Structure formats: C-alpha cells, structure tokens
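Chain residues, written in single-letter form:
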Amino acid sequence: MYGIIDCDNCYVSCERVFRPDLEGVPVVVLSNNDGCVVARSNEAKKMGIKAGTPYFQLAQQFPNQKIAVFSSNYELYGELTGRIVSIISKEVPAYFRYSIDECFVYLDGMEHLDLKRWGEELHKKIKQYVGMPVSIGLAPNKTLAKMASHFAKKYQGYRHCCMIDTDEKRIKALKLYPIDEVWGIGRRYAAKLDALGVRTAYDFAAHNGDWVKLTFNNIVIQRTWRELNGEDCVPNEELTKKKSICTSRSFNGMISDIEGLRTQVANYAARCAEKLRMQSTVASSVGVFLNTNAFREDLAQYWNFQEQRLITPTSSTITIVQTANEILKRIYRQGYQYKKAGVIVMGIGADSPIQQDLFDINAEQFQKMKRLDEVIDRINRMQGSETIVLGAQQYTRKDGKGKADVFANAIKHDHKSPNPTTRWSDVIRLNSEKGKTNK
C-alpha cells in the first residue's frame, strides 16, 4: 500500500502559519519578480481569481476587494514543509519527498493498522505541530494514491484522508476523475485522449491494452493505464532520479549589459549546484540559455543556448558558476534587451563514487571545494538562505545619492513575508507589557 501526503494550497498555508488573521481572507502568492498569481487560497478561487493572472490586473479585475498579496518566499516554504516531512519520516517505514508540497510514503508492514484512521490522525498531528493542513491519499499504487488525495482535498466527508482499497472504490473514483488530471498523462496527451472521446480516467482504463500500445508509443502512458487498472508498476527509482535540473527566471525589466546578466546567471548556477547537493548527485554538463522578449516585436530578437562538459562531474558551486559564466561570455551579444536567462545542469549521477579524469592534477582541490560547499550549506541552513554567496552572485547599484549598495539577489519581491524560523532578524516580537517588547 502506498500513500501520498499533499499540503493543501501549500504556499498560502505557509503564509498563514504566522498570520492567523488571514484565515477566511482571500490570499494569493505571486511568481518570481511578482509577475503573476501562482497560488490561491480557496477564498481567492471562489472570487474568480485565476492562476496566472498578472499581478497588475488584480486591482483592475477585483476593485475594492480585500486581497492579501505575498511574494514567493521559498525559504519559508522549504523550512515549514521540511518540518512536515520530518513528522512523516517518524510515522512510516519509508518515504520519498516528491516535491516541495508532496511526499510519497510506503506502508509495507502497516497492513495490521486501520490505515484510514491512521491517515486522519497523521493529518491532525501535522496540523497541530506545524499549523498546516494536508490531504492524504492511500491506494495500492502511486497513481491511484494521487487520485485519492484529490478526493481527500475536495470532499470534507473524507476527513482529509481517502483510501482506495477495493475495485469498487477504484472504479467509482475513475468515473469521477477527469483524464487531464491523471498523474502521468500531461497536457499534450490529455488533448489527444479528449479528441479520441476519452473524458475520464475510467474511459481510458476501460480501453484494451493493445489499443493503448498502438495509440501511444510511450512507456509512461502505458504504465499509467496499467496503474489505473490496479497494477503497481511505476518504479520507485524513477521518482528519485532526475536527468537534468534547470533554474531560470524572467528578469524584473530587461537587461542589456553582460555584468547584469552575469549576476543573474551566477545566481541560477549556484541554485542548481545547491539542488544537486540536496539530492546527493553531481552533474557532468552545464548549459546556459539567453533570450530577449518575444512579445516586444519592436525590439531586435535573439536566442541562444550552449553547453559545456565538465572534466570531472561535480556539484561545486564555484565550478558550476565559473562554467556558466564562461558559456555566457560565448553566447552574449551586444545590442539586445534580454528578458530571460537560465542554467541547466545535465548528465546527473550519484555523488559517490565519482570517476575523475586520469590527467586531472587537481584532485586535492576537488576535495577542498567539496568541504567548502559543505560548510557554506551548513551556515546558510543555520543563518538563512544566501547568508554566504559568491562574489559573482552579487551586483552593485547606486542610489540617488551616489552611494553603492550590494545586493545578493536580483529578484523583485515587494510583498515578501518575514522568515521567523530561519533568520534571527525576523524572530517574532511579543508584547509583554505596554511599551515593552520581548523577543
């Protein structure tokens, strides 16, 4: 039996943990650079706020409406969801964190328990300890577990935990589940299935296996069909291994000089290196892409991408940032207004053992950089994200008085909430007496 624990409206729930006054209030969280809505509370959804709505249009579309707006605060979201995973890890034999707000659990050896009640109690524990609601789906395979979590979230009668443990429940769930929401289908295949008259998961599961193979020459789609019919066939290792990691964002405005681009690319490369270390992997290739604003037809257009192989696979921030900046110099062209850049690390494998180059004389330097990354990661975990960064990740800007200020992050976040659990400067102050405050 498998389970999945899914945080309800994750980003919004994180913002509400330290803002109980926001319960019942429409809340939205914006994308990087405060571009558009990426997360909505149930109240915001009922108002008609759509995902992807540009921030500047909110006031136009919903005049005189009280809407709480937040910039994305991934440091806060990562810390709070990490607490949830810590609780989960003590309750199950094995688990895997699938995304920032989802965690698969493997319930082998727990068959003697009333798993439905166990799920309800786990929800209560997470809500009490962290302050965030979760929905839990239980089923014989991962695809059905994802489906069950959807029903647990949608219908209050399930008390935050839905279990599909019989064929009768499975068929009933398939008939109620839209095909475009099935895990593993994807937008492109959902459109093709819809054109073939397949509207629900049941319509798809009812087709013959030979028809599925002839229509879709895709192993993922075929496995999804088998799982909808009750088989357990999605390998666990496919959930854990990533072939590439990409970090990219649109800029706040446009950038034409290479120094401004270098800062952005260095930040993206450092984030890729951090992600590699978080999953104990290394990359053997680094790629960088750069493009202008395709929506500005009045401006000259340019796009380019190049990659470079590494002599020795690594997760070193210094090495990956240096490599990314070397690529940037090759693809940069003067005279263009750039809107977006990104860094991709590829050829990902386990960080041990690492096959080093026979003629590499910097083996000792490799170990030094590994120890350096470990120390920096530890300090940043204790003191807050980006407490220590590379010089290449910083940029200098002069204010109106000619004074130079150094910033480590070029992302716009005018509505960012504090980080009371990871930064001393943001620790919550409590009023003990009138005119006095205690930390």
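Residues numbered from 1 in each chain as written. Predicted model: local features only at pLDDT ≥ 70, side-chain atom pairs only at ≥ 80, totals over all residues. Heavy atoms only, no water.

(A) Structural context of unusual backbone geometry. Positive phi outside glycine occurs at R159, with the angle close to 55°. With respect to the secondary-structure elements, R159 resides in the loop between helix 6 (142-154) and strand 8 (161-163). Even without being a glycine, S280 presents a positive backbone phi close to 55°. Within the secondary structure layout, S280 lies in the loop between helix 13 (258-278) and strand 10 (281-292). (Helix = DSSP H or I, 4+ residues; strand = E, 2+ residues; numbered from the N terminus.)

(B) Structural detail: the packing of aromatic side chains. Using the criterion set out here, one finds 17 aromatic pairs in the structure. Ring centres of Y2 and Y106 lie 5.5 Å apart, and the angle between their planes is 80°; this geometry places the pair in the edge-to-face category. Remark: Y106 occurs in strand 6 (residues 102-106) and Y2 occurs in strand 1 (residues 2-7); sequence separation between them is 104 residues. You can call Y106 buried: its relative accessible area is 13%. Here Y336 and Y338 contribute two aromatic rings whose centre-to-centre distance is 6.2 Å and whose plane-to-plane angle is 50°, an arrangement assigned as tilted. Judged by relative accessible area, Y336 falls into the partly exposed class, the value being 22%. Clustering of aromatic rings is evident, with ring pairs tying together F151, Y155, Y158 and Y177. (Phe/Tyr/Trp six-rings, centres within 6.5 Å; stacked < 30°, edge-to-face > 60°. Buried < 20%, exposed > 50% of the residue type's maximum accessible area, 1.4 Å probe, protein only.)

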